[in-house]
Amino acid sequence: MRPLALAALLFVCNGCAQEYALGPDSQPHDGTPKGGVTKYLLAPGKYYPGTPHNYWVYVPAQYDAAKPTPFMIYMDGGGAVGNAQRVPVVFDNLIARHELPPMIGIFIDPGVLPAASDAAQSRYERIFEYDSLSGRFAEFLLNELIPEVAKKYNLSKDPNDRGLAGVSTGAVAAFMAAWNRPDQFHRVLSFIGTYVAMKGADELPALIRKTEAKPLRIFMQDGKKDHIVAAEPYGTFFAGSWPMNNQVMFEALEYAGYDVKLELGDGGHDMKQGAAIMPEALRWLWREYPAPITVHEPAAMSQPGWDPRGKVYSIVSADKPWEPIAGSYGEALSPAADREGNVYFADPAANRIYRANRDGKVSVFRENAGGASALAVAADGRVFANQPARRRIVAYDATGAGEKAIAQNAEVAGVAITAKGDVYFSDAAHKTLNVVTHDGKVRVVYNGGEMASPGAIGVSADQAMLVVADAQSRFSWSFQIAADGGLVNGEPFYRLALPETSWQSGVTGAMEDTSGQVYFATPIGIQVCEANGRHSTILNSPAIGGVNGFTFGGDFLYASAGGKLYRRPVKVKGAEVWNVVKLPKPPL
């Protein structure tokens, strides 16, 4: 970031405290084209029922209705348009000097649910709207606020043209809207952000470190005296220390490879520094525009001492993202691979099983597949599938012919196969695990009742252990496979991250790699646990809405999401039923 204009900062030698003042870029200038600001009322909608919102729209003098226009949304918008911050004035000056593209500013205040009578209190929505990790506020912006403004102005749909800014809890709102919808927003300004333990924002640094980076650029600011007094140097507030948590947040973003900057000044919980550096913050956020913001692997990866353990980029590469396999399908569920690298997936709505070859060409493997789901491929090429309506598991030969039932009267959620042909399946309705041995005998191998909803299952690369996901719990289980095919010594071994708005893990797939890491398909992406059980990594879903299933096939990781099948190259090797290997000793 270029040096701050000296006029923007006044230093008073009073205990060497720093006093911030608005500089030239925040002052109106004769001859500079001036945009207009208009106030509106957004009527109550779906996401915050009964609650209206005041908002203002700044339109630059250079606005061209024929062109999609970049824009920024400021939370606590009344303060941003006011005299203390003067964001419209800053826009005027920077746009005139081509330091910002001509952009629209949308400034929205948090809502207030009006009281039902003079004897009642209104409900103030600011904390609910802003200080949350859920996707509700992002959906409010995308489905209510932005469409309303777009009725009057030509707003760009390119996420690279969309920025968000917030103060205090509004900074959490800005960051989380971009985090939850990186397909819609790429730029974030965070002033005196409340990344502390009030409604979960203190959990963000750990989540950021574990999660594959998203295409975001983030400018952060806080003051060393933010909720700090001499008698309580680590914070006066019950939720933690603002300066410490902003620093931890910044370090997590830097660790994960984000384009991020933190300005830690000398002030308190106010916008004096934020307003003074607003022009520089905007220049930094929009520098090199229109070059897109992209994901880069952390610079530390090339330096001595880099520890690859549990790292996103020990599994995938930033420059090799998900790519769709041609075609759209009803669901594209439960992908499973054979030894040639062909990947099979189910479309229950079309009553079909498809096969995608190594070149990505898709063909129908089986018509009239009984609403198949929970696919698995054996070492001999047979494809196993659950038929929910018929409450059975069937097997097809490698051509898709010869349907044969191997298990009946079960509510099957997951299927896994060993090298010798034992077929394990979970029965969610009866909360049991079962095996069909290679000689055709069916028996229950676990009915302990400790899992709320046993679902996806996977066999370890050495075929000594069975992983069983509990779709309702944050814990998934590890069982040892006994010599007779039974399951023994089960433990809730793996702890997963839960979606913010759900008490269920929603796991729909489980599989190991040849190092013993275990992968789980979940609504927040593909979560990875080390062989020792520690939760280490989250790979982003290829589509908004989470991953329905995944498999390793050759040198690729395949995932189903949003009715499509995707794949990307990986640096690891998935466990293969036909290739039994001894696992290394796990890290401890």
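This text goes with the structure placed above it.
The model shown is predicted, which means the values in this text are computed figures rather than measured ones.

> For helix H5 (residues 169-180), give the residues involved together with the corresponding values.
Here H5 contains 12 residues, and its C-alpha end-to-end distance of 16 Å stays within 8% of the 16 Å for a straight helix at 1.5 Å per residue. Extensive coverage of H5 is indicated by the burial of 11 of its 12 residues. Every buried residue of H5 is listed here: Thr-169, Gly-170, Ala-171, Val-172, Ala-173, Ala-174, Phe-175, Met-176, Ala-177, Ala-178 and Trp-179.

> Tell me about the pattern of salt bridges, and name the residues and values.
In the structure shown here, the tally under the stated rule is 24 salt bridges. A salt bridge links Glu-139 to Arg-181; its shortest N-O distance comes to 2.8 Å. In this pair, Glu-139 sits in helix H4 (residues 136-150) while Arg-181 sits in the loop between H5 and strand E10 (187-191), placing the two residues 42 residues apart along the sequence. Classification of Glu-139 as partly exposed rests on a relative accessible area of 22%.

> If you had to explain the sheet that holds strand E14 (residues 333-337) to someone new, which residues and values would you point to?
Reading across the sheet, the 4 strands line up as E14-E15-E16-E17 and stay open at both edges, with antiparallel pairing between neighbours. Two strands lie at the open edges of the sheet, namely E14 and strand E17 (362-366), each paired on one side alone. Strand-to-strand twist in this sheet, taken as the mean axis angle between neighbours without regard to direction, amounts to 30°. Pairing geometry for E14 and strand E15 (residues 343-347), over 3 bridges, is antiparallel. Among the inter-strand pairings, Ala-337 is bridged to a residue of E15, identified as Val-343.

> Break down the pairing of strand E34 (residues 549-553) for me, with residues and values.
Within E34, 5 of the 5 residues are buried, which leaves it mostly tucked inside the rest of the structure. Residues Gly-549, Thr-551 and Gly-553 point to one face of E34 and Phe-550 and Phe-552 to the other, with burial holding for every one of them. Summarising the sheet, E34 and strand E35 (residues 556-561) pair through 5 bridges and their orientation is antiparallel. Residue Phe-552 lies in a different strand from E35, and its bridge partner there is Leu-557.

> Provide a residue-level description of the nonpolar core, including the pertinent values.
Counting residues in each nonpolar core, the largest one holds 75 residues, and the members touching the most others are Ile-73, Phe-175, Ile-208 and Tyr-258. In terms of residue count, the dominant contributor to this core is H5 (9 residues). What Phe-175 contacts, discounting residues up to four positions off in sequence, is Val-188, Tyr-195, Leu-204, Ile-208, Ile-218, Met-249 and Leu-253. Val-87, Phe-91, Phe-107 and Trp-284 belong to the second largest nonpolar core, which has 27 residues in total.

> Any details on the packing of aromatic side chains? Residues and values, ideally.
Scanning the entire structure with this criterion turns up 29 aromatic pairs. Consider the rings of Phe-91 and Phe-107, whose centres lie 6.5 Å apart with planes at 40°: the pair is tilted. Here Phe-107 lies in strand E6 (residues 104-108) and Phe-91 lies in helix H2 (residues 87-96), a separation of 16 residues in the sequence. The same class applies to Phe-91 and to Phe-107, which are both buried. The interplanar angle of 55° and the centroid separation of 4.7 Å between the aromatic rings of Tyr-329 and Tyr-354 together place this pair among those described as tilted. Linking Tyr-329 in the loop between strand E13 (323-324) and E14 with Tyr-354 in strand E16 (residues 352-356), this pair joins segments that are 25 residues apart in sequence. By the burial criterion, Tyr-329 is buried, and Tyr-354 matches it. Among the aromatic residues, ring-to-ring pairing joins Tyr-48, Phe-128, Tyr-130, Phe-137 and Phe-140 into one connected group. Over the ring of Trp-286 we find Arg-187; its NZ or CZ atom is 4.2 Å from the centre of that ring.

> Mind laying out the sheet that holds strand E31 (residues 518-522), listing which residues take part and the relevant values?
A sheet is described by the order of its strands in space; here 4 strands give the open sequence E30-E31-E32-E33, paired in antiparallel fashion. Across the chains shown, the open sheet's two edge strands, defined by having one partner strand only, are strand E30 (509-512) and strand E33 (535-539). Adjacent strand axes in the sheet meet at a mean angle of 20° when their direction is disregarded. Two elements, E31 and strand E32 (residues 525-529), share 5 bridges in a ladder whose sense is antiparallel. Its bridge partner being in E32, Ala-521 is matched across the sheet by Ile-526.

> Residues and numbers for the packing of H2 against helix H9 (residues 278-285), please.
The contact between H2 and H9 brings their axes to 10 Å, and the two run at 55°. Compared by their axis directions, H2 and H9 come out oblique. Regarding H2 and H9, the two cross each other, and that crossing is right-handed. Only Met-278, Pro-279, Leu-282 and Arg-283 of H9 make contact with H2, whose side of the interface consists of Val-87, Val-90, Phe-91 and Leu-94. Here the residues of the contact of H2 with H9 are counted per class, giving 7 nonpolar, no polar and 1 charged.

Basis of the calculations
- Residues numbered from 1 in each chain as written.
- Predicted model: local features only at pLDDT ≥ 70, side-chain atom pairs only at ≥ 80, totals over all residues.
- Heavy atoms only, no water.
- Helix = DSSP H or I, 4+ residues; strand = E, 2+ residues; numbered from the N terminus.
- Expected span 1.5 Å × (residues − 1).
- Buried < 20%, exposed > 50% of the residue type's maximum accessible area, 1.4 Å probe, protein only.
- Salt bridge = Lys/Arg side-chain N within 4 Å of Asp/Glu carboxyl O.
- Pairing = 2+ DSSP bridges.
- Axes fitted to C-alpha atoms, helices over the stretch in contact; angles between N-to-C directions.
- Core = buried A, V, L, I, M, F, W, Y, C linked by side-chain atoms within 4.5 Å.
- Contact = heavy atoms within 4.5 Å.
- Phe/Tyr/Trp six-rings, centres within 6.5 Å; stacked < 30°, edge-to-face > 60°.
- Lys NZ or Arg CZ within 6 Å of the ring centre and 35° of its normal.
- Parallel < 35°, antiparallel > 145°, perpendicular 65-115°, else oblique.
- Left-handed = near helix turned anticlockwise from the far one by under 90°.
- Nonpolar A, V, L, I, M, F, W, Y, C, P; charged D, E, K, R; others polar.

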